[in-house]
Structures are given as structure tokens and as C-alpha cells.
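Structure at a glance
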Amino acid sequence: MIDSFPFDEFSEELDAFWTFGPGSSTGTYILTVLGIILMVASLVGWVWLENRKLRAQAELLRAAGGMPAPGGVPPGPGPSQEPLAGPSTDPGD
Amino acid sequence: MQWVFAQAPQLEDVATQLGLDSQVLAETFYFFTVVVMWLIHVGFMAYEGGASRRKNLMSTAMKNILTIAVVTPSFYYFGWYIYGCFQHGGPAEGHAGPSEFPNFCLTTAPFSDNMGPNLQDHLSAVFFLAFLLFSWTTASIMSGAVIERIRLSAYLILAVVLGSAVWIMDAAWGWSSGGWLVTRFGFHDSIASLVVHGVAGAFALGVLLNLGPRIGKYDLAGRARTFRGHNTHLTLMGLMLIFTGFYGFYAACLFITSTAFPGWLNIYGSPTTLGAIAFVITIGFAGGFTGGWFASKGDPFWTLSGGLAGVISVSAGADVYHPSLAYILATSGGMLAVWSGGWLEKKLRIDDAVGAVAVHGVCGFYGVFLVGIFAGGFPTGINNVESSFGGQLMGMMAFLPLAFLPGYIASWILKKLNLLRVPPEVELEGLDMAEFQQDFFPEFERVPETVVLPDGEEVDSAAVLLEAFGQLDGRDGGRPAAVEERRRE
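The structure displayed is predicted, hence computed values, not measured ones.

Details of the overall build of chain B
- Per the secondary structure count, chain B includes 18 helices and seven strands.
- Expected size for 489 residues packed as a compact globule is a radius of gyration near 23 Å; at 24 Å, chain B falls within 12% of this value.
- For chain B, the residues scored as buried account for 58% of the 489 residues in total.
- Counting contacts in chain B only where the partners sit at least 6 residues apart, residues at least 24 apart contribute 75% of the total.

Here it is as C-alpha cells:
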């Protein structure tokens, strides 16, 4: 087990306290950098995943005859492309 | 007797206890303003979801939800620091804060002692949270304008730029007691007419210029068609939720302290009361609804949007306006939003799906303009610099480029990378099929999607949209066979 709480006891003199803390410590700097990396990676991931979805759908629509069905027309029996993300909707899975 | 006095609390102990009480009161107060402000985002989601066509419902709502996912960390890591350290225009030497609050800058860094559990600091975390909710709101104002054709990921990047950099920079300059516009020019925008609404509207305008209108929005002569949102009831309920959340927004714009007269200060440190600003916001809604109703000749959407515009128009001076003045000014603001919205749509041919540029942008700038006329001479900030028309104009001139240019440039870069807008085929079919591979009303039969033509006739949109699609870049000779087939049907 990692003992990540670097404080011996609580008292009214205690101010900042957290695991891998307190402020301006190596542990907090590392956590901050990791959080920023996660944030940037998420943004890149959103761009990449959406681009993949949109290109797949656009190619599928073009292959189906070049003209998509506008919103007023029933979309058909099921998903028009394989889901790229999210839980499966197939009860057999 | 001496023993009795010895047991009594000393004056210092009482003062310490009262100070702690005041801090815990403030901590609790801001916590609940944050809770109430969540309703703004529930409202934005319902408002925009209802205004979208059925085929774009979830893509529209997901923008509002994921605004929270991207603006929260980016504001935590960068935005709050900008507010704390850039009040003089840039970080002072050694990262010193403004002279009014010398230690504030370093408390806003994400690794500081104040940005985590801290027994000696009840306020930094809740101040941060209140400003974070302002940031969500600012980003969400842009989100409604761009629905039904922007990529979700492009919106999220733009939301980070607006919510965690642009607006908070202008807040540091003109919405803080140490901001250079406040201390030098007496700029007065107490409940953020311009620093939140106007700036978000100007940023959205920059984005819209690159994004372009939805397919079929304008005919070949440049006349505007109107798309029917799939659920006006949802839109109206969303607006009412936004109004409810605004009370939390207004309250969070004040400082509260129980140990100093009069207990409340505005964002600049000038005295006011919570009741005074709540009075103005309420009568501002009344005036805005009235102005919106008459200017739009009773259009439901613009009547409610007029309420929002009315409040935004009086927010800048909400701490000093008499309710009657606020009522009159808010009525004019509601009318201005309707007229400017029509002008942007029909004359400038800017497809703003929810009128955000008119309601937030135009009325945001109008609000600080009005302060220059009706609240000139009022002492602003802890240095008591008099507000003036010139000072308000200085703020407007500083914030217009600060907001518009980042929106325009960021969206231009995304456009050049082909990451701004969805492919036209996907836009025509509806974004939900591409993004989520499903229709979100599976139990309801689809009725034909309609569009209102410039002459007021409401028709099935399929032929209109397919024709507009065919005209994109001369695609398929501008009149594909499928269009002819649909026309024959």
C-alpha cells in the first residue's frame, strides 16, 4: 500500500492537506501535469474519433447513391454504420 | 466576580469566531449559487435541443454536456490563473497579483495551497467554482449559434478558447477590482453585460463568419428561410430554466461578508445589496418580455429571448439602477434584440440558429453603453474611480477585438484543417445518425421536416434541402436527379 498522505495529524494549525500534497510539492506538480496531459489527450481524442465517424458516414452516404435522405425520411431499419463507440445494442452480445 | 470575567470570551476570541462565521456563510452562499447556476446549463441544453431539428437533437445536447467536460479542466489549469494574474494586462513581475490583493495571483495556480482541501481557506475553492460556472455559461452562449452543422469536437475546442481564455482575460481586465480598465477608467459592468454576454456574442460572430449558414438557410436570391425547431415547448422551458439560473448568476457576482457594512459588495468592491440587483433582474425580465413581444409582434421565441435580452441590457448597471429605469431600459433591450436579430439574419445573412449574437452580443454591448449614459459619475471600485461614457467606450473598444478576433482566427484555422464543419451529406441526413447511429425518438413516427420559405409558406423541406445541397460548389451540376425525383413526388 502506498502511504500518500504526508501528514501526521489534524490540528487547527494545519492548512493545506491532501494526498501527495501539500501545494507546490513534487506530488502536486506531478498530479497537475498528469491532469493537463489527460485534458489535452481528451481533446485530441474527440477530434480523432469524430472525424472517423463523420468520414465513415459521409462515405456510406455517397456510396448509397450520392444523395442522403434528409431528416424527414425514415432512416431505415438500423444503424447506417457500425457503431464506433458506446455500449452494444445487440441483445446477443 | 473576577473569576466570571476571566471565563468570558475575550474580544479577540469573539472577533475570530465572527470572522470564521462570516467565511463559512460566504462558503455556503457561493456553494448554493453554483447549484442554482447549474440550471442555466439544463436550460441551455433544453433551449438548443428544442430549437434543433429532430435529426440533430442529441448532437446539439451533447455540446452542452461536454462543455462541462472540457471547460472545467481547462479553466482549472489555466483560466483561473489568468483571472488572478492578468489584471494589469499581463502577469506582473514575479507573478505578483494586483496591488489591491497582493497575494491573489499565486492562490489561483492549480498547484497552490488554496486549490485543494485547506482548513484555513474557505473561499478560494467556492470563488473558483462560481467563476467556473460563469465560464460554462459563456461557452454555452456560443453553442446555440452554431448548431446543426458544426463538428462537436470543433465546438469543444472553441469552447475552451472562449470559456477558459478569452472571457476570463476580459474579466481580469474589466470585471475585477484590480483590472486596468477599472482602476484607470472606472469601467463599470457589475453583473457582466459585456464581459460575459457581449464577449460571447462577439466571439460567436467570428465563428459564424467562417462556419457559414446551414444548407438551405438562404435561397439563391439570398433571402432567409426559417427552419422549424422540433420542439418549441422544450425551447421555452429551457429559456425559463436559464432565467431561474440567472438568479444564482446574479447572486454569485456579489461578495458577501457579515462582518462589514453593508454586507454586500459588487465585483469591484463597491457597496450594494442582493435585494437591489434581484429587483433589477426581475423587472428587467418584465421589460424584456414586453419589448420582445411588441417588436416581434407576438412571436413566442423572440418574446422569451427578449426577456433575456432585457436582463442583459440592464445587468451592467444592476447595482445602481432604479427599478423604473431598469424596466424602461430592459424594454428597449428586448426590442433591440429582435430588430438586430432580424438584421443579422436577413441583411448580413448570418445564420445564428438561436439569435445569440443579437441577444447576448448586441445587448451585452448595449448594456455597458447604457451605464455610460445613465450611471455616469458613479464611483466604481475600491479606488472610487468615477464611471463615465468614455470609460465604458474604452471597455467596449478593448473587448470587441479581444472577443471577435480569437473566435474568427480559431475557427478559420479549424476550417483550413477541414475540422470545423460536418460533411454536407451528414448535415443533410442529420448529425445524430453519424455521431450516434440512432434516432432519438424511436417510438414516434417521423413526420416530414418542414421549412418556412421567405414568403411565409411552410413546405416539406426535402426538395428545398436537396436542391441547396446540389448547389454546393456546383455539385452534380446543381440539379441532381434525386432532386428532380423528389420534386415529382
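Continuing now.
Remarks on the overall build of chain A
- When you go through chain A residue by residue, the secondary structure sums to one helix and zero strands.
- Counting the 93 residues in chain A, one finds 18% classified as buried.

Overview of the packing of helix α5 (residues 124–145) of chain B against helix α8 (residues 193–211) of chain B
All names here are of chain B.
- Here α5 crosses α8 at 35°, and the two axes come no closer than 9 Å. Crossing geometry of α5 relative to α8 is assigned as right-handed. Between α5, through F134, T137, T138, I141, M142 and A145, and α8, the contact on the second element is made entirely by V196, H197, V199, A200, G201, F203, A204, V207 and L208.

What to know about the interface of chain B and chain A
- Taken together, the contacts link 46 residues of chain B with 40 residues of chain A.
- Within the residue set of the side of chain B that touches chain A, elements represented by two or more residues are α3 (57–85), α6 (152–174), α15 (424–429), α16 (431–436) and α17 (461–470) of chain B.
- Residue composition of the side of chain B that touches chain A, by class: 23 nonpolar, 10 polar and 13 charged.

Let's talk about the packing of α8(B) against helix α13 (residues 356–374) of chain B
All names here are of chain B.
- For the pair α8 and α13, interaxial distance at closest approach is 7 Å and the crossing angle is 135°. Taken together, α8 and α13 sit at an angle that is classed as oblique. The hand of the α8/α13 crossing is left-handed. Taking contact as the criterion, the partners of S193, L194, H197, G198, A200, G201, A202, A204 and L205 in α8 are, on α13, A356, V357, H360, G361, V362, C363, G364, F365, G367 and V368.

Let's talk about the sheet that holds strand β7 (residues 458–460) of chain B
Residue and element names in this part refer to chain B.
- Sheet architecture is open: three strands sit in the order β1-β6-β7, paired in antiparallel fashion. Each edge of the sheet is formed by a strand with only one pairing partner; in this case those strands are β1 (226–227) and β7.
- With respect to the sheet, α17 is in contact with β6 (450–452) and β7, its orientation differing from that of β7 by roughly 75°.

Quick look at the environment of A318(B)
Residues and elements named next belong to chain B.
- Following the sequence through the fold, A318 ends up in the loop between α11 (300–315) and α12 (323–346).
- Sequence separation between A318 and P300 is 18 residues, and the spatial gap between their C-alpha atoms is 26 Å.
- Discounting chain neighbours no more than four positions away, the residues touching A318 are S190, I191, I277, V280 and I281.

Some details on α11(B)
- With 16 residues, α11(B) should reach 22 Å at 1.5 Å per residue; the first-to-last C-alpha distance of 23 Å fits that figure.
- Most of α11(B) sits inside the fold, with 15 of its 16 residues counted as buried.

Structural notes on the confidence of the model for chain A
All names here are of chain A.
- Per-chain confidence: chain A averages 75 in pLDDT, with 68% of residues scoring 70 or above.
- Across residues 72–80, confidence stays below pLDDT 50; counting only partners more than four residues off in sequence or on other chains, it has 17 contacts.
- Low pLDDT, under 50, characterises residues 83–93; the stretch is placed with six contacts to residues that sit more than four places away or in other chains.

A closer look at unusual backbone geometry
- Here G21(A) and P22(A) are connected by a cis peptide whose omega angle stands at 0°.
- Non-glycine residue N418(B) carries a positive phi angle of around 60°.
- Turning to its location among the elements, N418(B) is positioned in the loop between α14 (389–416) and α15.
- A positive phi is found at Q437(B), a non-glycine position, where the angle reads about 55°.
- On the secondary structure map, Q437(B) appears in the loop between α16 and β6.

Side note on the nonpolar core
Residue and element names in this part refer to chain B.
- Core analysis: the largest hydrophobic core is formed by 142 residues, its most contacted members being M142, L158, L162, V199, F203 and A204.
- The element best represented in this core is α6, accounting for 17 residues.
- The contacts of L162, once residues within four sequence positions are left out, are T138, A139, M142, W167, A200, F203 and G407.

Observations concerning the environment of G395(B)
Residue and element names in this part refer to chain B.
- Among the structural elements, G395 can be located in helix α14.
- A count of 31 C-beta atoms within 10 Å places G395 in the buried class.
- Spatially, the C-alpha atoms of G395 and V182 are 9.1 Å apart, while their sequence positions differ by 213 residues.

A word on helix α10 (residues 274–295) of chain B
- When the terminal C-alpha atoms of α10(B) are compared, their 31 Å separation across 22 residues agrees well with the 32 Å that a helix rising 1.5 Å per residue should span.
- Just downstream of α10(B), K297(B) is the residue with a positive phi angle, here 55°.

Notes on the confidence of the model for chain B
- Averaged over chain B, the pLDDT score is 91; the fraction of residues at 70 or greater is 94%.
- Here residues 476–484 of chain B is modelled with pLDDT under 50, and outside its nearest four sequence neighbours on either side it reaches 14 contacts, counting other chains as well.

Remarks on the environment of Y247(B)
Residue and element names in this part refer to chain B.
- You can see Y247 is positioned in helix α9 (residues 232–252).
- Residue class for Y247 comes out partly exposed when judged on the 18 C-beta atoms lying within 10 Å of it.
- Filtering out sequence-adjacent residues up to four positions away, Y247 remains in contact with V36, A278 and I281.

Scoring rules and cut-offs
Residues numbered from 1 in each chain as written. Chains lettered and ligands numbered in written order. Predicted model: local features only at pLDDT ≥ 70, side-chain atom pairs only at ≥ 80, totals over all residues. Helix = DSSP H or I, 4+ residues; strand = E, 2+ residues; numbered from the N terminus. Rg over C-alpha atoms; globule rule 2.2 N^0.38 Å. Buried ≥ 20, exposed ≤ 12 C-beta atoms within 10 Å, placed from the backbone. Contact = placed C-beta atoms within 7 Å. Axes fitted to C-alpha atoms, helices over the stretch in contact; angles between N-to-C directions. Left-handed = near helix turned anticlockwise from the far one by under 90°. Nonpolar A, V, L, I, M, F, W, Y, C, P; charged D, E, K, R; others polar. Parallel < 35°, antiparallel > 145°, perpendicular 65-115°, else oblique. Pairing = 2+ DSSP bridges. Expected span 1.5 Å × (residues − 1). pLDDT = per-residue confidence, 0-100. Core = buried A, V, L, I, M, F, W, Y, C linked by C-beta atoms within 7 Å.

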